[in-house]
Amino acid sequence: MKNDIVPGSKAPLFTLPDSDGHQINLSDFIGKQNLVVFFYPKDESYGCTKEACSFRDSYDEFKEVGAEVIGISSDDETSHSSFAAHHKLPFILLSDKDSKVASLYGIRKSMGILPGRVTFVIDKEGIIRMNYSSQINFRKHIDEALELIKTLK
């Protein structure tokens, strides 16, 4: 799966509701902390649960190096709230119901049917430093992001 947003690009800004319905703006993080933003297909699906739980299990490491983790899918806020509670997910989940933000980030369907699974590392200045796309290597999303995030100031 090819992605249009490449390292060195400015991260497209967006505002989406979190699992509590609060509007979260990407711009609120710019200048303050590095971000790991991961797009995933569906709450409670096998691969997405494995990926989200891997981010959960590494969340303290991301926080220790000053990064916030944000997950985005087209599921609604109620689904995200249930998913987060069920798996004790400590990070932000955002609802991109119409997939407009996924489109902004160049997320394409894989095999023509599955929403893309892509992870971005965005530095404090709002620049994309990495994008990693894989439908099946769930753990590698976390490993790749953590390795890079540790090198950022």
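Here, the structure is the one placed above.
Undergrad: Would you mind going over the nonpolar core with me for this structure?
TA: Soluble, globular proteins show a tendency: their nonpolar side chains are buried together. Val36, Phe55, Phe62, Val69, Phe91, Val121 and Ile149 are the most contacted members of the largest nonpolar core, which has 24 residues in total. Residue assignment for this core shows that the elements contributing at least two residues are β3 (34–39), α1 (46–64), β4 (67–73), α2 (77–87), β7 (128–133) and α4 (138–149). If we ignore the near neighbours within four places in the chain, the residues touching Phe55 are Val36, Phe38, Phe62, Val69, Phe91, Thr119, His141 and Ile142.

Undergrad: Please explain the sheet that holds strand β6 (residues 118–122) as it appears in this structure.
TA: Whenever strands of a sheet pair, they do so through backbone hydrogen bonds, lying parallel or antiparallel. The strand order across the open sheet built from five strands is β5-β4-β3-β6-β7, with neighbouring strands paired in mixed fashion. The open sheet has two edge strands with one neighbour each: β5 (92–95) and β7. Across the sheet, the mean angle from the axis of one strand to that of its neighbour is 20 degrees, orientation sign disregarded. Both β3 and β6 contribute to a ladder of five bridges, which runs antiparallel. Across the sheet, residue Phe39 finds its bridge partner in β6, namely Val118. On top of the sheet, α1 reaches β3, β4 and β6; it is set at about 160 degrees to β4, its chief contact. Of the strands in this sheet, β4 and β5 are in contact with α2, which crosses β5 at around 160 degrees.

Undergrad: Please clarify how α2 should be interpreted in this entry.
TA: An α-helical turn contains 3.6 residues, so any two residues separated by three or four positions project in the same direction. Three or more residues of α2 are buried, namely Glu77, His80, Phe83, Ala84 and His87. With its buried residues spanning 125 degrees around the axis, α2 presents them on a single face. Facing away from the buried side of α2, by more than 90 degrees, are the exposed residues Thr78, Ala85 and His86. Phi turns positive, to about 55 degrees, at Lys88, one or two residues after α2.

Quick notes on the rules
Residues numbered from 1 in each chain as written. Predicted model: local features only at pLDDT ≥ 70, side-chain atom pairs only at ≥ 80, totals over all residues. Heavy atoms only, no water. Core = buried A, V, L, I, M, F, W, Y, C linked by side-chain atoms within 4.5 Å. Buried < 20%, exposed > 50% of the residue type's maximum accessible area, 1.4 Å probe, protein only. Helix = DSSP H or I, 4+ residues; strand = E, 2+ residues; numbered from the N terminus. Contact = heavy atoms within 4.5 Å. Pairing = 2+ DSSP bridges. Axes fitted to C-alpha atoms, helices over the stretch in contact; angles between N-to-C directions. Arc of directions from axis to C-beta.

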